[in-house]
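Overview (structure and organization)
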Amino acid sequence: MSQLVSCGKSILIHDQSIDPILRINPHKSSINCCVWNHNNCVIASCGNDGVIVLSRSADGQSLLPLEHNGKAINAISFTSNSQYLASGGHDSIVRVWDLKKKTIQSQLKGHYSQINSLHWNSSDNLIASASNVGDILVHDVSTQIAVSTFNLKGSKTPGFKAVKFMSKNLLCSGSNDGSVTIFDLNKNEYQCNFSQQHTSKVTGLSVTQSLVCSVGTDQKCYLYSIVDKKVTHTIACENPLNSVAMQNDDYSVTVGTLYGQIYVYDIRMTQKHKLQFRGHDNSSVNFMEYQNIESQSQQPPPSQRLLNESNLSVQSQVKMNQAKSPMILEMKKDSSKDLNALSNKESMIKIEQQKQIQFDQFQSRVQSTQQSKFDQSTNKIEDISRKYEVSRVISGQNDFTDEQKKFIQQQINEQTYQLKKIVQDSVSSMHIDMIRQFQIQQNEMQQLLDQHMKEQSNLVQRISQLEQENQQLKRQSY
């Protein structure tokens, strides 16, 4: 089970235990949203104090505060690589922060009321934001223009509480009138609408690739199938619900209440929750999110990850070459059949054996060159990692200093670039050598065919001459 981050008056991190494993208090007021970055090392949070704080998830240490005008911020969202962070709140402006430069990259305008929710799409080129008066704007970040706009038509209580991208072009929303709506950005229209479930406003949304989950103050949690366009499961709780988070197993649903309880349900057994978390005493659970599934597993050190990835790259390339070899041999065999039909069988078998020997030599030469270059680069990375590990152990440090981390990262980046360059050059050289070998073989085959055709032509002429001579001899005998 991955870790869960939730916020109210504080930020709590839970695993499978009832009590939180970490409590963080980075804000002076209520916290409205908290999200993991792409590798789960950093938690970003925002609140009514108008400040965005980046905190380290391991120990809760504040790393970077981001401030602009002091107005309350309701929602934040990372891009897929955590280079940019979007925020929106009471000033009705979506701000895109460049976290490397610690500055505002762009400001996206168009809303006329406070922004309650926002979310990036998977390509990081579009950002959807929902306001309190019932409009959703989808901005293209590169042009800073709203490419799509959606409104709640005919609603007596307009206003969106939550918005989430399900895929690159599918957008899900939950509104104050209790409806859950799916928008198709490609067609710029509604795909489906669930308006008969919640009897009060939707307070939270969570999505996976196949399911949408919504909660509301009517104490209900609904799961919807987008493919079948129907409600698949219903969970009834004892208290009004304010937030929801789903794991990617499509079975576990976690809901947070207005009174601070957090319940974990298995949708296959919805009668009673299987786990309850504590920690938000007398405080509503405003937002929850599970760790990114891609980064859950324990990862090796950066140098070891690079070695593993590079090994996989080289192994895959070798397998590709081995897979291509039977195809190339088959092509040569097909060509040799035609030659065997036209010339002496023994000589063609000898030629085929020579071609096979040449190709095997060529393939082994390419693989050995590629492996030697790869070994040189990976040995450098191992030496860098080993040197600083020994230095850290001798000095008695528990962790690298910032200067050491920066230097190691720089060296790894340089070696990574060199390694990529080596692989690219090796593949390019291999392709050129293969084309050259094929061209040489084609020329040799063409020469053999021309030679055979010439010999055949001479044989035909000789046969014709012999037939004429035979006819003359027959006439003379008569």
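Scroll up to find the structure.
Being a predicted model, the structure only gives us computed values, none of them experimental. (Residues numbered from 1 in each chain as written. Predicted model: local features only at pLDDT ≥ 70, side-chain atom pairs only at ≥ 80, totals over all residues. Heavy atoms only, no water.)

1. Some thoughts on the sheet that holds strand S14 (residues 135–140)
Two orientations exist for strands paired in a sheet by backbone hydrogen bonds: parallel and antiparallel. Strand order across the open sheet formed by 4 strands is S12-S13-S14-S15, with antiparallel pairing between neighbours. Either end of the sheet is taken by a strand with one partner, and the two such strands are strand S12 (115–120) and strand S15 (145–151). Neighbour-to-neighbour, the strand axes of this sheet turn through a mean angle of 20°, independent of strand direction. In this structure, strand S13 (residues 126–131) lies alongside S14, joined through 5 bridges in antiparallel fashion. Residue pairing for S14: Ala128 is matched across the bridge by Val138. (Pairing = 2+ DSSP bridges. Helix = DSSP H or I, 4+ residues; strand = E, 2+ residues; numbered from the N terminus. Axes fitted to C-alpha atoms, helices over the stretch in contact; angles between N-to-C directions.)

2. Here's the deal with the packing of aromatic side chains
What describes a pair of aromatic rings is the distance from one ring centre to the other and the angle between the planes of the rings. Overall, the coordinates contain 5 aromatic pairs when judged by the stated rule. Centroid distance Tyr222 to Tyr224: 6.4 Å. Interplanar angle 40°. Geometry classified as tilted. Here the aromatic cluster, defined as three or more aromatic residues joined through ring pairs, consists of Phe150, Phe183 and Tyr190. (Phe/Tyr/Trp six-rings, centres within 6.5 Å; stacked < 30°, edge-to-face > 60°.)

3. Considering the environment of Ser225
Inspection of the secondary structure puts Ser225 in strand S22 (residues 220–225). For the pair Ser225 and Gln209, spaced 16 residues apart in sequence, the C-alpha separation works out to 9.9 Å. In this structure Ser225 touches Phe194, Ser210, Leu211, Lys230 and Thr232, once residues within four positions along its chain are discounted. At 3.2 Å, the side chain of Ser225 forms a polar contact with the backbone nitrogen of Asp228. (Contact = heavy atoms within 4.5 Å. Polar contact = N/O pair within 3.5 Å; in protein donor to acceptor, adjacent residues only side chain to side chain.)

4. Some remarks on the sheet that holds strand S5 (residues 42–47)
In spatial order, the strands read S4-S5-S6-S7; together these 4 strands make up an open sheet with antiparallel pairing. Here the strands that pair on one side only, and so sit at the sheet edges, are strand S4 (31–36) and strand S7 (62–67). Across the sheet, the axes of successive neighbouring strands diverge by a mean angle of 20°, strand direction being ignored. Where strand S6 (residues 51–56) meets S7, 5 bridges bridge the pair, whose relative direction is antiparallel. Residue Val51 lies in a different strand from S7, and its bridge partner there is Glu67.

5. A look at the environment of Arg23
Its location among the elements puts Arg23 in strand S3 (residues 22–24). Placed 18 residues apart in sequence, Arg23 and Val5 show a C-alpha to C-alpha distance of 9.8 Å. Sequence-distant contacts of Arg23, that is, excluding residues within four places in its chain, are made with Ser10, Ile11, Leu12 and Gly279. A distance of 3.3 Å separates the side chain of Arg23 from the backbone oxygen of Gly279, its partner in a polar contact.

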